[in-house]
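# Per-entry structural report
Listed below are the residues making up each chain.
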Amino acid sequence: MRTYLVTGGAGFIGSNYIHYMFDKYGDEIRIINVDKLTYAGNLENLKDIESRANYTFVKADICDKEAIAKIFEENDIDRVVHFAAESHVDRSIKNPEVFVQTNVLGTAVMLNSAKAAWENEDGSFKDDKRFLHVSTDEVYGSLPDDPNAYFYETTPIDPHSPYSSSKASSDLLVKAYVDTYKFPAIITNCSNNYGPYQFPEKLIPLIINNALAGKNLPVYGDGKNVRDWLYVMDHAKGIDMATESGRFGERYNIGGHNEKQNIEIINIIIETLQELLPDSDPRKANVTKDLITYVTDRKGHDRRYAIAPDKIKEEIGWYPETMFKDGIRLTIKWYLENEDWMKNVTSGDYQKYYEGMYANR
Ligand code: NAD
Ligand code: TYD
């Protein structure tokens, strides 16, 4: 039985990935999920998984060498799938240091621990061990508003935000391990994800949550920045396929071929909520475009991201399967059916975060 060490599995993409993996492999695999449970980590995302005999949760910081070494000592890990990171650009602009700590140093700890556990005496690595580093398209910087310009794996790294520079640094560390030690690692660089369990600091869940509460919908700048949106389960599938079939030392772009301006996304959310909310729901009357509020732009705001996912399609056979119109409907339905989840994550520190981030915009 193959054993996976998943980092950051209590976050948005990690928890969707764990669901995907158990749906696909059932009892054929074991998953150990190591997560520090920061504000972004939520065990509620995995409550239907926690009773499985082939699932273990370990609360630990990936920067804690001893804790990570212990997991490798006590378990014969076959796959590391490394999600754990600080992931929000706006937070990185306010407080960059924790991004360097977790995203760079934490990745170094994960690489070093896996290397120590997997290395043979002659410096080669045990058979069938793989480390998948989950990264972002933001490492490539920003594209002009030219529909023919895309990020390729060969696009030079040019990050702008503290978040994307910390991810680019972690990508380079992974590459250094492959180049120096022939460490068995693969990198994936994915575009913006959306779907269930996403924390409402990111655009789509924040807009859904604010619209339902009748609050302003903050649009940074002119609202014409473009992101390439991918349904999170398509990403989970891509990660699994890249882990198994990716070539060591290669990076694979994963993207939705689904570029949208932020203002388009916000309009689609309003229209979909109008369709899905029953007439009897008193919130329905408030969910209108009047809530849209243009606010001060994000500092250093990248203009456009767009992924060319040709390499992963040609080499590995992955392609985005979920049409945006279906994925966004599924997502909004999920938030409507899981209002307690939203209430729980927005209680406590979230109000403080929201006021701090949006008060002076
Ligand atoms: P998230 O913020 O929802 O989850 C991050 C998880 O990591 C949380 O569970 C958190 O508790 C955990 N974590 C943070 N610091 C930790 C530490 N020091 N030790 C252990 N656990 C820690 O993030 P996400 O959106 O699920 O992103 C997951 C990964 O995917 C990240 O590496 C991110 O860079 C990458 N990514 C995200 C997107 C996106 O659109 N969200 C797109 C491409 C790539
Ligand atoms: P976000 O979800 O933070 O992802 P990223 O910055 O990693 O792409 O933001 C997506 C886009 O939406 C980005 O261009 C910034 C914009 N945005 C807003 O206009 N308003 C908001 O309140 C937020 C959170 C984001």
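Computed from a predicted model, the values in this text were never measured in an experiment.

Core analysis: the largest hydrophobic core is formed by 71 residues, its most contacted members being Tyr17, Ile18, Ile31, Val81, Ile269 and Leu273. Ranked by the residues each element gives to this core, the list is headed by helix 1 (residues 12-25), at eight residues. In contact with Ile269, other than residues within four places in its own chain, are Ile204, Ile207, Ile208, Ile328 and Ile332. Judged by nonpolar contacts, the second largest core, of 24 residues, contains Val34, Phe72, Val80 and Phe125.

Let us look at the side chain of Asn42. Of note, Asn42 is situated in the loop between strand 2 (29-35) and strand 3 (55-59). Residue classification places Asn42 among the buried residues on the basis of a relative accessible area of 15%. Within the structure, the side chain of Asn42 is placed 3.0 Å from the backbone nitrogen of Glu44, a separation counted as a polar contact. Contact partners of Asn42, with chain neighbours within four places excluded, come to Ala10, Leu37, Trp341 and Val345.

Near ligand 2, the surroundings consist of 18 residues, among which Glu138, Arg227, Arg298, His301 and Tyr358 are the closest. At 2.6 Å from an oxygen atom of ligand 2 is found a side-chain nitrogen or oxygen belonging to Glu138. Leu203 is positioned such that a nitrogen or oxygen atom in its backbone is 2.8 Å from an oxygen atom of ligand 2. Of all the elements in the fold, those that place two or more residues in the shell around ligand 2 are helix 6 (203-213) and strand 8 (217-220). A total of three residues in the shell around ligand 2 trace back to one element, the largest contributor, which is strand 8. Counted by class, the shell around ligand 2 contains eight nonpolar, five polar and five charged residues.

Analysis parameters
- Residues numbered from 1 in each chain as written.
- Chains lettered and ligands numbered in written order.
- Predicted model: local features only at pLDDT ≥ 70, side-chain atom pairs only at ≥ 80, totals over all residues.
- Heavy atoms only, no water.
- Core = buried A, V, L, I, M, F, W, Y, C linked by side-chain atoms within 4.5 Å.
- Buried < 20%, exposed > 50% of the residue type's maximum accessible area, 1.4 Å probe, protein only.
- Helix = DSSP H or I, 4+ residues; strand = E, 2+ residues; numbered from the N terminus.
- Contact = heavy atoms within 4.5 Å.
- Polar contact = N/O pair within 3.5 Å; in protein donor to acceptor, adjacent residues only side chain to side chain.
- Near = heavy atom within 4 Å.
- Nonpolar A, V, L, I, M, F, W, Y, C, P; charged D, E, K, R; others polar.

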